[in-house]
Amino acid sequence: MSDQPENTIKTPAKVLASLRPGYLTVYFGYGQGLADGGIPHEVPIDDIPFDLRLPNSEFTLILDCNGQILGVERYLSD
């Protein structure tokens, strides 16, 4: 059993930049199918951990069914 509710979505994400104060532009669905480059979304900067806010940082976003960020999973480095 997973500790995540059944109505959550996990999607790969990649940071573009901080283009507006207090927000971070993040590509949702980066590297997947027709949205290979991802779909840009502006998210509150506080929703992303400090060490993942740099441009080109990649991680997995956990979203609820309304698109709100519930959490972030870091990629493990080898």
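As shown above, the structure is provided for reference.
Below or above, wherever it landed, is the structure these notes cover. (Residues numbered from 1 in each chain as written. Predicted model: local features only at pLDDT ≥ 70, side-chain atom pairs only at ≥ 80, totals over all residues. Heavy atoms only, no water.)

1. A word on the overall build of the protein chain
Line of reasoning, step 1. For the protein chain, the count of helices and strands is zero helices and five strands.
Line of reasoning, step 2. Listing every helix and strand of the protein chain by position from the N terminus yields β-β-β-β-β.
Line of reasoning, step 3. Burial statistics for the protein chain: of 78 residues in total, 32% are counted as buried.
Line of reasoning, step 4. Considering only contacts in the protein chain between residues 6 or more positions apart, those separated by 24 or more positions represent 36%.
Line of reasoning, step 5. Accessible surface, the protein chain as shown: approximately 5400 Å² in total, 53% of it carbon and sulfur. (Helix = DSSP H or I, 4+ residues; strand = E, 2+ residues; numbered from the N terminus. Buried < 20%, exposed > 50% of the residue type's maximum accessible area, 1.4 Å probe, protein only. Contact = heavy atoms within 4.5 Å. Areas by Shrake-Rupley, 256 points an atom, 1.4 Å probe, with all protein chains shown as cover.)

2. A short note on the pattern of salt bridges
Line of reasoning, step 1. Across all of its chains, the model carries five salt bridges by this definition.
Line of reasoning, step 2. A salt bridge links Lys14 to Glu58; the shortest N-O distance between them is 3.8 Å. One end of the pair, Lys14, is in strand E1 (residues 9-20); the other, Glu58, is in strand E4 (residues 58-63), with 44 residues separating them in the sequence.
Line of reasoning, step 3. Here Glu42 makes a salt bridge to Arg20, at a shortest N to O gap of 2.8 Å. (Salt bridge = Lys/Arg side-chain N within 4 Å of Asp/Glu carboxyl O.)

3. Considering the sheet that holds strand E3 (residues 39-44)
Line of reasoning, step 1. Across the sheet, five strands lie side by side as E3-E2-E1-E4-E5; this open sheet has antiparallel pairing. Strands with a single pairing partner mark the edges of an open sheet, and in this sheet they are E3 and strand E5 (69-74). For this sheet, the mean inter-axis angle between neighbouring strands, taken without regard to orientation, is 40°.
Line of reasoning, step 2. Where strand E2 (residues 23-28) and E3 come together, six bridges link them in antiparallel fashion. The residue bridging Leu24 from the neighbouring strand is Val43, located in E3. (Pairing = 2+ DSSP bridges. Axes fitted to C-alpha atoms, helices over the stretch in contact; angles between N-to-C directions.)

4. Observations regarding the packing of aromatic side chains
Line of reasoning, step 1. Inspection of every chain in the model, using the stated rule, returns zero aromatic pairs.
Line of reasoning, step 2. Sitting over the ring of Tyr23, Arg20 keeps its end group 4.2 Å from the ring centre. (Phe/Tyr/Trp six-rings, centres within 6.5 Å; stacked < 30°, edge-to-face > 60°. Lys NZ or Arg CZ within 6 Å of the ring centre and 35° of its normal.)

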